[in-house]
Amino acid sequence: MKRRDFLHRLGATAGVLPLMPAGLVFDDIDGPAGEPPDAATRALLDTLRGEPPCRAEVRLERGAPRLFLNGEETAPLFGLSTSLLATVDNYRQMGIRLLQPQLGLASAWTGPGRYDFTRLEAYLARLLERHPDAFFFPRLQLQTPIWWKEAHPDETATYGLDYDERFYDVIRKRNLPLAEGDHHFTNFYGEAWEASYASETWKRDTTALLHAFVRFIEASPLVSRMMGYFFVHGRTEEWNVPGADWLPDYSTPMARAAGPLPSPRERLYTCYGLLRDPAREAAVIDFYRRFHEVRARLVADLAAAVKEAMGGRVLCGTFFAYLMEVPRIQESGHLRPRAVLDSPHIDLLACPYTYQSTNDPDAERWESDLYDGAGNWLGRARGVAGDGAFRVMLASLHRRGKLFISEIDPSTYLDTGKSWPGIGGSGHETKTGTRRILRRDLGRAFAEGTGGWLYDFGPHYDVPAGWYGDGPIIETVREVVHRFHTRSRLDLSPVAEIALAGDTESFFATEHWLAARPWPGQGIRYSDFFNHWFLNAQARPLNRLGAPVDLLYRFDLTPEDLRRYRLVLVPNAFLLAPDEVDRLRAMLAGSGTTVVWYYAPGLLGPGGPDPEQMARLTGFTFQVLDDPGPLLIEMGREDDTPRRFGVMSPAYYHPRFAVTGDDIEVLGRWTTPRRPALARRVMDGWTSVYAGTAPLPVELLRRLAAEAGAALWTDRPAIVAATRSTAMLVATETGTHTLTLPLPMQPEEGGPARTTHTAHLDFGEVRLFHATA
């Protein structure tokens, strides 16, 4: 079948293929692209020649990864902007001396083996003129030059569906100007004409480009200010696969690396409702494993090349290892992350914090209040009283010594209204709201032992001094920056008694994100059903639980974890081999923990759907309900727990599962048919809870946590982030809050260190705490 015919047969589904995220159009990006070095620039560079080469490293010490610059621990806070030249003074006043200039290496790659980096050197020198104490951790954009793609047409990605011509050869068609640092913003346009990630030719030539740039800096006076390199590629520069809307990649390199390649129809449609049948669809599942492995190994290999070029003396990082809010997850998800996680050459990983949009039809799309199918308020992602939560499995990163950097990019009251619509979230348009949002964003990084960078899009949106270029904003940031400087003496070990263990492999065996479009009334745009409801939406009440929560990959769970955590949520462990089931059951025996299994835990084995394996894992027996129905559970009103929760939409779902047996405690039933769908059972030294749907509301999570023996730090739902010596509290409702800490801490405004703190807090108000030295 021709691709054009196949596209036509997709009918309404294909007709709503997204062209680009709303609000992410970067037309007419202006700004200095850098000038060749003049006499003044050369003179400034000469002043650096007496400085020794910069040294930077990440060390896992006192409970968390920490940044060291020239031998001294340094607050991992960076400044980033669409125009650093216009906004760098704001960062200098905030006390931020680490900068992330955006550099387009393609602009300096003029032909095979030919490079000219002098304009980029001059640009960095101009930044030093404005911030003489600055150190650079540049974002190296690895966009493929047009000349290379024309020279290697067989090495570029091809697609299973017809792509939109507007998103092919974007730079030339739109005559896009270079932005500051000689880079392009074509990533937001979704450039479909790119090299295949399986191209060994592209990998070889891009490795040579990175080597050449690093060697250039090593020979430049800037070597004393270059603290590392952060390399990026793909849509939004986050290794999101170019052209993911059109089913990549049917190129010869990808066929060689990940083939045989399944047909578009095989990729789009499952034969078991929301799930794939591993017996009948093994070829698709295996293809996606190989497809994702190619990209992860490419990232790890490029990191090794960077480290080799600079002798391991400074840092190397990139975007990777997201599991929450992954757009187009079957194509662009980081679903085989171990090559990157375990790479000794990657020191830090970064990710923008939550962008989840509201599903309230009466609200603006950029607002982020989330509701489940029964109308329960789950929480807010961005804005005042939003959680600003990370999208990575932070505990898994920390265990490997990877420093995490949160990309912090809220608009403020200085925004002109022309921006990426309201990306600051609800309440950002007031001075009080802006202050609370920034204190939350920076406070979460402080309290969870991570770092962050402020990304100021303001200059692009007619705010010449930037979103953060006003005295009250600068002072707000400077206050929290001071807190970071005190963190060096503190123990940042984890203290959570609650964890979420997310799975990557199961997304190879769940319904494709594109097949189910549109999702009426659910707030889903580019995600899939399970990522949206079982991880992204579940994160909102989980962050309002009133206690710290560790996020880690399911494959990282250890016997020690199950003895330490009192409550473990396992939202999507659907695809498991028999030996993995045996391993989990052996670890659980006698652990004392409570595990909440969602929907179809362990159902998908190598031989196909296997309810007996599901029973062996969880301790429950199940009846398979093949008739489609709502994923909505009803409970009795024994406390303040909502009567109903789950997913309700015009689309009904299958399969569903009902718990059977007499030795179970039934906590809730499907609304139709009235069969047990939420149940608890005491096992051999641990407790098993089955939930047939998601997301669980905060009241139910708090009840399960308390009954499992996990300490709740607050007397009402609230956002809590913490380590052994730091804590942040954000009020999600107005009223008196009592915070009970496991160890004495001092409030940021001073006073005695105590374990109990009581205060009346307004909606969205933020409080920070830290132990005394």
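Keep in mind it's a predicted model, so treat the numbers as computed, not measured.

Novice: How should helix H20 (residues 578-588) be read in this particular structure?
Specialist: Because each turn of an α-helix spans 3.6 residues, side chains separated by three or four positions end up pointing in the same direction. Buried residues of H20: Val581, Leu584, Met587 and Leu588, and no others. Around the axis of H20, the buried residues are gathered within 130° of arc, so they sit on the same side. H20 presents Asp579 and Ala586 as exposed residues on the side facing more than 90 degrees away from its buried surface. Those residues of H20 that are buried lie in contact with helix H19 (559-564), strand E21 (594-598) and helix H21 (611-618). Where H20 ends, the next residue or the one after it, glycine 590, has phi of about 75°, a positive value.

Novice: Would you mind going over unusual backbone geometry with me for this structure?
Specialist: With glycine set apart, most residues show a phi of negative sign, and most peptide bonds adopt trans. Here the residue pair threonine 672 and proline 673 is connected by a cis peptide bond, since its omega of -10° sits within 30 degrees of zero. On the secondary structure map, proline 673 appears in the loop between strand E28 (665-670) and strand E29 (676-682). The step from alanine 694 to proline 695 runs through a cis peptide bond, and the omega angle for that step is -5°. Relative to the helices and strands, proline 695 is located in the loop between strand E30 (687-691) and helix H22 (698-708). Notably, aspartate 462 is not glycine yet its phi reads approximately 60°, a positive angle.

Novice: So what exactly am I meant to see when it comes to the sheet that holds strand E34 (residues 754-761) here?
Specialist: Sheet strands pair by backbone hydrogen bonding; their relative direction is either parallel or antiparallel. Read across the open sheet, the five strands follow the order E31-E32-E35-E33-E34; overall the sheet is antiparallel. Of all strands in the sheet, those bounded by a partner on one side alone are strand E31 (718-722) and E34. Going from strand to strand, the sheet's axes swing by 20° on average, the running direction of each strand aside.

Novice: Can you help me understand the nonpolar core in this one?
Specialist: In summary, soluble globular proteins display a tendency toward joint burial of nonpolar side chains. Formed by 227 residues in total, the largest nonpolar core has its most connected members in Met227, Tyr229, Phe231, Leu275 and Tyr599. The dominant element in this core, judged by the number of residues it contributes, is helix H12 (residues 282-309), at 14 residues. Counting residues in hydrophobic clusters, the runner-up holds 20 residues, among them Ala501, Leu557, Tyr565 and Met683.

Novice: Even after reading the chapter, I still don't get the environment of glutamate 511, so can you show me in this structure?
Specialist: Examined against the element boundaries, glutamate 511 turns out to sit in the loop between strand E18 (498-502) and helix H18 (529-543). You can call glutamate 511 partly exposed: its relative accessible area is 22%. Setting aside residues no more than four positions away along its own chain, glutamate 511 makes contact with Thr270, Gly273, Leu274, Gln330, Ala516 and Asp528.

Novice: Any chance you could explain the side chain of glutamate 407 here in plain terms?
Specialist: Position of glutamate 407 among the secondary structure elements: in strand E16 (residues 403-408). Under the relative-accessibility criterion, glutamate 407 is labelled buried at 5%. Within the structure, the side chain of glutamate 407 is placed 2.9 Å from the side chain of tryptophan 453, a separation counted as a polar contact. The contact partners of glutamate 407, leaving out residues within four places of it in the chain, are Leu80, Arg139, Phe319, Cys351, Pro352, Tyr353, Tyr355, Trp453 and Tyr455.

Novice: What should I look at first to understand the layout of surface pockets in this one?
Specialist: Leftover empty space is mapped by rolling, across the atoms, a probe with the size of a water molecule. In this structure, the largest pocket encloses a volume near 500 Å³. Looking at the lining of the largest pocket, the elements that each hand over two or more residues are helix H15 (394-399), H18, strand E19 (549-553) and E31. It is H15 that provides the largest number of residues to the lining of the largest pocket, a total of four residues. Tallied by class, the residues present in the lining of the largest pocket amount to 21 nonpolar, five polar and five charged.

Novice: Please clarify how the sheet that holds strand E25 (residues 631-635) should be interpreted in this entry.
Specialist: Spatially, nine strands are ordered E19-E18-E20-E21-E30-E29-E28-E25-E26 in an open sheet, and the strand pairing comes out mixed. Looking along the sheet, the strands with just one partner apiece sit at the ends: E19 and strand E26 (644-647). Put simply, the sheet's adjacent strands are angled 20° from each other on average, direction ignored. Strand contacts of H22: E18, strand E20 (567-570), E21, E25, E26, E28 and E29, with the helix running at about 135° to E20, the strand carrying the most contacts.

Novice: Would you explain the packing of aromatic side chains in this entry?
Specialist: How two aromatic rings sit relative to each other is set out by the distance from centre to centre and by the angle between their planes. For the structure on display, the rule yields 42 aromatic pairs. Judged by centre distance (6.3 Å) and plane angle (75°), the rings of tryptophan 467 and tyrosine 468 are edge-to-face. Grouping residues by exposure puts tryptophan 467 and tyrosine 468 together as buried.

Parameters at a glance
- Residues numbered from 1 in each chain as written.
- Predicted model: local features only at pLDDT ≥ 70, side-chain atom pairs only at ≥ 80, totals over all residues.
- Heavy atoms only, no water.
- Buried < 20%, exposed > 50% of the residue type's maximum accessible area, 1.4 Å probe, protein only.
- Helix = DSSP H or I, 4+ residues; strand = E, 2+ residues; numbered from the N terminus.
- Arc of directions from axis to C-beta.
- Contact = heavy atoms within 4.5 Å.
- Pairing = 2+ DSSP bridges.
- Axes fitted to C-alpha atoms, helices over the stretch in contact; angles between N-to-C directions.
- Core = buried A, V, L, I, M, F, W, Y, C linked by side-chain atoms within 4.5 Å.
- Polar contact = N/O pair within 3.5 Å; in protein donor to acceptor, adjacent residues only side chain to side chain.
- 1 Å grid on protein atoms, 1.4 Å probe; cavity = no way out; pocket = protein on both sides within 12 Å on 5 of 7 lines; lining within 4 Å.
- Points joined across faces, edges and corners; volume = space filled by probe spheres on them.
- Nonpolar A, V, L, I, M, F, W, Y, C, P; charged D, E, K, R; others polar.
- Phe/Tyr/Trp six-rings, centres within 6.5 Å; stacked < 30°, edge-to-face > 60°.

The analysis is restricted to geometry; functional conclusions fall outside its scope.
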